[in-house]
Structure formats: structure tokens, C-alpha cells
Protein chains: 2
Amino acid sequence: MARVVVDVMLKPEILDPQGQAVQRALPRLGFDGIADVRQGKRFELEVEGPVDAAALARINEMAETFLANTVIEDFTVKIEADEKAEESK
Amino acid sequence: MARVVVDVMLKPEILDPQGQAVQRALPRLGFDGIADVRQGKRFELEVEGPVDAAALARINEMAETFLANTVIEDFTVKIEADEKAEESK
């Protein structure tokens, strides 16, 4: 079984209060030198069968219509070859 | 400025109700063939100065003590070379 990762992040022009809260907390906790933090979502999908062009097209459609709100969010789809996937082949 | 990405996911043995909700909604929406979905967090950190071993060690400590709850979550730290980072050099 193959793993496909969909990362969903707020578009750069959209305010990210979660990321800002993290960024502001860092100096207080002793961590300097971080200019900006953006927080988003990561979906790990375990796909049955081969991850071919058709499967990726479906996952792209899924990300666009369901996982991300494309008015305010961008998404990327990546195939991840991990050890678990290798083992279960 | 370099971008470092911290991915935080629930440990495999921890129940993920958010991921399950997504997985159950997929067939209803016409998307089949997804065996499992896990949802986690993605932090994009813009790091001032060079991302050397010392900076990575600090970011690892930050992720371990602040961004992730290591009782229930795993995290990975990756340096991401993106176009924006290249341009601003």
C-alpha cells in the first residue's frame, strides 16, 4: 500500500493567527531567530492499489474539493515512499 | 532565509478521530480506494541566518518541547529549499 501526503496551508496573503501565536511564543520560551511561522494541515492517505496518474488525479480532485478550501488555502500532493509501504508490498 | 518544515503526526497507536472522519466521508463523496487517513499538523518556519547543525538542533528541541506533544505525537524536521528561499538569498 502506498502513502500519499496532502499538505494544506493557508495562502501567503491570508492571516494565520495560529502560526502567529506560535511565533510570538517562541522568544518567550528561549527560541530566537525564527522570522515567521505558518501552521497548516498534513493528511496521510493510505492508497489501495497502484498510485498511477489516474489515482493521483482523483486525489488531486479530492484535495481540491474536500481537504482544502481553495479560496483561502493552497495544497500540494506528494507520493511518499516509506518503509512501511515497502514492507507491505 | 531558509524554510524548515516540522511535521507533527499522532503516533500510529493513537486513535485519530479527525482522520477517521475524513476517511468515512470519502466514499460518500465518491472517492474510493483510500484505506486509511491520518491528519496531522505542518509548521513552516522561516529561519533567520544559516540552517546549520546548531540551528537544526535548536529547532528539534523546539519541536520536541513546544510544537509536538511527544507522549502522543511524532515529529519530523526537514529543510525545504523552495524558490522563495532561493530568491531572497
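Look a little higher up for the structure.
Computed from a prediction, not measured in an experiment: that's the story for all the values here.

Reading the values: the criteria
- Residues numbered from 1 in each chain as written.
- Chains lettered and ligands numbered in written order.
- Predicted model: local features only at pLDDT ≥ 70, side-chain atom pairs only at ≥ 80, totals over all residues.
- Heavy atoms only, no water.
- Helix = DSSP H or I, 4+ residues; strand = E, 2+ residues; numbered from the N terminus.
- Rg over C-alpha atoms; globule rule 2.2 N^0.38 Å.
- Buried < 20%, exposed > 50% of the residue type's maximum accessible area, 1.4 Å probe, protein only.
- Contact = heavy atoms within 4.5 Å.
- Areas by Shrake-Rupley, 256 points an atom, 1.4 Å probe, with all protein chains shown as cover.
- Expected span 1.5 Å × (residues − 1).
- Arc of directions from axis to C-beta.

J.: Go over the overall build of chain A, please, and point to the residues and values.
T.: Looking only at helices and strands, one finds 3 helices and 3 strands in chain A. Shown N-terminal to C-terminal, the secondary structure of chain A runs as helices and strands in the order β-α-β-α-β-α. Compactness check: chain A gives a C-alpha radius of gyration of 17 Å against a globular reference of 12 Å for 89 residues, more than 25% above the reference. If one aligns the C-alpha atoms of chain A with their principal axes, the spans along those axes are about 45 × 35 × 15 Å. Counting over 89 residues, chain A shows a buried share of 38%. Counting contacts in chain A only where the partners sit at least 6 residues apart, residues at least 24 apart contribute 73% of the total. Taken as a whole, chain A presents about 4900 Å² of accessible surface, with 53% of it coming from carbon and sulfur.

J.: Can you tell me about helix 2 (residues 53–67) of chain B, naming the residues and giving the values?
T.: Counted at 1.5 Å a residue, the expected span for helix 2 of chain B with its 15 residues is 21 Å, and the 19 Å between its end C-alpha atoms agrees. Turning to helix 2 of chain B, its buried residues number three or more, namely Ala55(B), Ile59(B), Met62(B), Ala63(B) and Leu67(B). Seen along its axis, helix 2 of chain B keeps its buried residues to an arc of 100°; they face one direction. For helix 2 of chain B, exposure combined with an orientation more than 90 degrees from the buried face picks out Ala53(B), Ala54(B) and Thr65(B). Tucked into the core, helix 2 of chain B has its buried residues touching helix 1 (17–28) and strand 2 (34–47) of chain A together with strand 1 (2–10), strand 2 (34–47) and strand 3 (73–80) of chain B.

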